Structures are given as C-alpha cells and as structure tokens.
There are 2 protein chains.
Amino acid sequence: MHKVTVLDKKGALDCPIRDVINRIGDKWSLLILVVLSEQPTRFNELKRTIGDISQKVLTKVLKELEQEGYITRTAYDESPPKVVYDLTEMGISVLTPVGHLIDWAEKNHAMIKGNRSKTD
Amino acid sequence: MHKVTVLDKKGALDCPIRDVINRIGDKWSLLILVVLSEQPTRFNELKRTIGDISQKVLTKVLKELEQEGYITRTAYDESPPKVVYDLTEMGISVLTPVGHLIDWAEKNHAMIKGNRSKTD
DNA sequence: CAGCATCCCAGAGGATACTG
DNA sequence: CAGTATCCTCTGGGATGCTG
C-alpha cells in the first residue's frame, strides 16, 4: 500500500492535502477544471456546459481557483465583453493525481453502490 | 497530461468521482482513513488522535464510511464496551490514488500559499 | 467506552433581479 | 456577455447533556 501521511504536529487540519481537498472537494471545482482541460472556455459557455451551477457560485469558484493559481482569467476589451478561463501549469498538473482517483472511482463504483444499497 | 473524463450525458454530478469526492472530500473522512491505515483503532482512540472532531460527527462519518465499504466496525461484547474500526480492502486501495494527490499537494503547497497571499 | 439526542450556527449554494 | 447584489434554504459540523 502507498504510505500516506496527513497528520502533522500542530494539528490534523493544517496540512497541504486539506488545502487541496478544500478546493477541489467542493461541489463544482473539479468539474470546472475538467471542462477547462478540454479547452479554454468563456464564462457563459462554462455555465452552459456544467448546466446546473448558479451564476453566483460559478463566479465565486472561478475567482478562488484563479486566486490559488489553478486557472487564468483573460478579459478581452470588446463589446460585448469576452472573458476566457484556462488552466495554468499547476491546474494541468493536478489533473494527473486527480485522474488516478477518478480511475479508482470508476473501478470501484459498482462496489460502492452495492455496499450502500445493502444497508438501505 | 492525464486524460480525464467526469461529465456524462445525464448530468454533470451523476458520476463515480462525485461519490468518492462526496465521501472523502469532507472535513474528516480522509483523515480517519489515514489514521486507520496505521492500525485498527477504537472509537475514543480515534477521537483523541484526531483531536478536534466532535463525537457526533465522528460517529456519523464512521457509519457512512462503513456503509460504503471503506471500513469495518467490530464490536466486542465486553464491559466496558470495545469497538474497533479498521480498513477494508477497498479502504486500503483508495489510499493509493489518494496518496498521489497528497504527494502533489505537498509538492505544490508552497506555490498555492504563495499565490493566495499575492491577492490578499 | 461508545455512543444517542438536542440545540445551535456559519457557510455553501440556489433563485432572482439588475448593470456596464 | 459577464458579472453584482440580495435574499433564502439546507446541511455540515460543533457543544452539551445523557445512557447502556
């Protein structure tokens, strides 16, 4: 098994993995990163692709992802306005470990659903 | 880059990775799995090790982790009661992809914190 | 020891209306 | 088009007290 360390001395929550989980572990961030991995995408295009995200939340999450360096925001001075979001190098690179987790999720999905239904 | 697919036809949220993120993406689950990876652990021992988790939440998360098949719960019929939690095969196996994410988090932690402080 | 029951709160996220 | 601004709901999680 892969050796894992999350705890540190100061407190269980103050560790790198929590910063990452807090970011991509929410309802939408990971999805946004994946959509952007297909191609640079405009605001409303992103909203349409995801479908059921509210505009407020999309704005908020995009800001946070940008602030932590996962994505870039490029505004073109046109009318109507045009803003394009894209992955940074860091945003691209996190998709590798995330991809492993996704692979695992797909392989074990049936088992998880099976377990869950047993005790319903 | 690792090729990633999360979206499906029916809706963005109905996909395996969301089941996993919803489970280990909360405040405590991942931490519990990691603690258990060290050794099988009793309820209050788990609580002490983690430190600042409330009893209510620990109970709840343990139940959910058990229900989805990540951990086992073994109650010994003694007085005082003794209940030991341990990882299942599935619980062990998820720590591999999770470990990759943790590695990534550690390598990129400085950059994330740096990015964050730039725009504070 | 290993919980259950209850009360409480902050924040995530949705809906809607408005703007440069 | 790409957002801001409000209002509202719902739930994750904490605090406290009690029990077999």
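Here, the structure is the one placed above.
The rules we used
Residues numbered from 1 in each chain as written. Chains lettered and ligands numbered in written order. Predicted model: local features only at pLDDT ≥ 70, side-chain atom pairs only at ≥ 80, totals over all residues. Heavy atoms only, no water. Near = heavy atom within 4 Å. Polar contact = N/O pair within 3.5 Å; in protein donor to acceptor, adjacent residues only side chain to side chain. Helix = DSSP H or I, 4+ residues; strand = E, 2+ residues; numbered from the N terminus. Nonpolar A, V, L, I, M, F, W, Y, C, P; charged D, E, K, R; others polar. Pairing = 2+ DSSP bridges.

J.: What is the right way to read the protein's contact with DNA strand C from this model?
T.: Near DNA strand C there are 22 residues, and of these A:K56, B:R42, B:Q55, B:R73 and B:Y85 occur at the shortest range. The protein-proximal atoms of DNA strand C, defined as those within 4 Å of the protein, are 60% sugar or phosphate. Measuring from a sugar or linking oxygen of DNA strand C, one finds a backbone N or O atom of B:P81 at 3.2 Å. Residue B:Y85 places a side-chain N or O atom 2.6 Å away from a phosphate oxygen belonging to DNA strand C. Of all the secondary structure elements, the ones that give two or more residues to the surface near DNA strand C are helix 4 (55-67) of chain A together with helix 3 (43-50), helix 4 (55-68) and strand 3 (82-87) of chain B. If you tally residues by element for the surface near DNA strand C, the top one is helix 4 of chain B, at four residues. Classifying every residue of the surface near DNA strand C gives eight nonpolar, four polar and ten charged.

J.: Is there a simple way to think about the protein's contact with DNA strand D in this case?
T.: Around DNA strand D sit 22 residues, and of these A:Q55, A:K63, A:R73, A:Y85 and B:K56 come closest. In the model, a sugar or linking oxygen of DNA strand D is placed 3.2 Å from a nitrogen or oxygen of the A:P81 main chain. Contact distances for DNA strand D include 2.9 Å between a phosphate oxygen and a backbone N or O atom of B:K27. Looking at the surface near DNA strand D, the elements with two or more residues in it are helix 3 (43-50), helix 4 and strand 3 (82-87) of chain A together with helix 4 of chain B. Considering every element that reaches the surface near DNA strand D, the biggest residue donor is helix 4 of chain A, with four residues. The residue makeup of the surface near DNA strand D, split by class, is eight nonpolar, four polar and ten charged.

J.: Honestly, the sheet that holds strand 2 (residues 71-76) of chain B in this entry has me stumped. Any pointers?
T.: Working definition: the strands of a sheet are paired by backbone hydrogen bonds and lie parallel or antiparallel to each other. All names here are of chain B. Across the sheet, which stays open at both edges, the three strands sit in the order 1-3-2 with antiparallel pairing between neighbours. Each edge of the open sheet is held by one strand with a lone partner, namely strand 1 (41-42) and strand 2. Both strand 2 and strand 3 contribute to a ladder of six bridges, which runs antiparallel. Residue pairing in the sheet places A75 in a bridge with V83 of strand 3.

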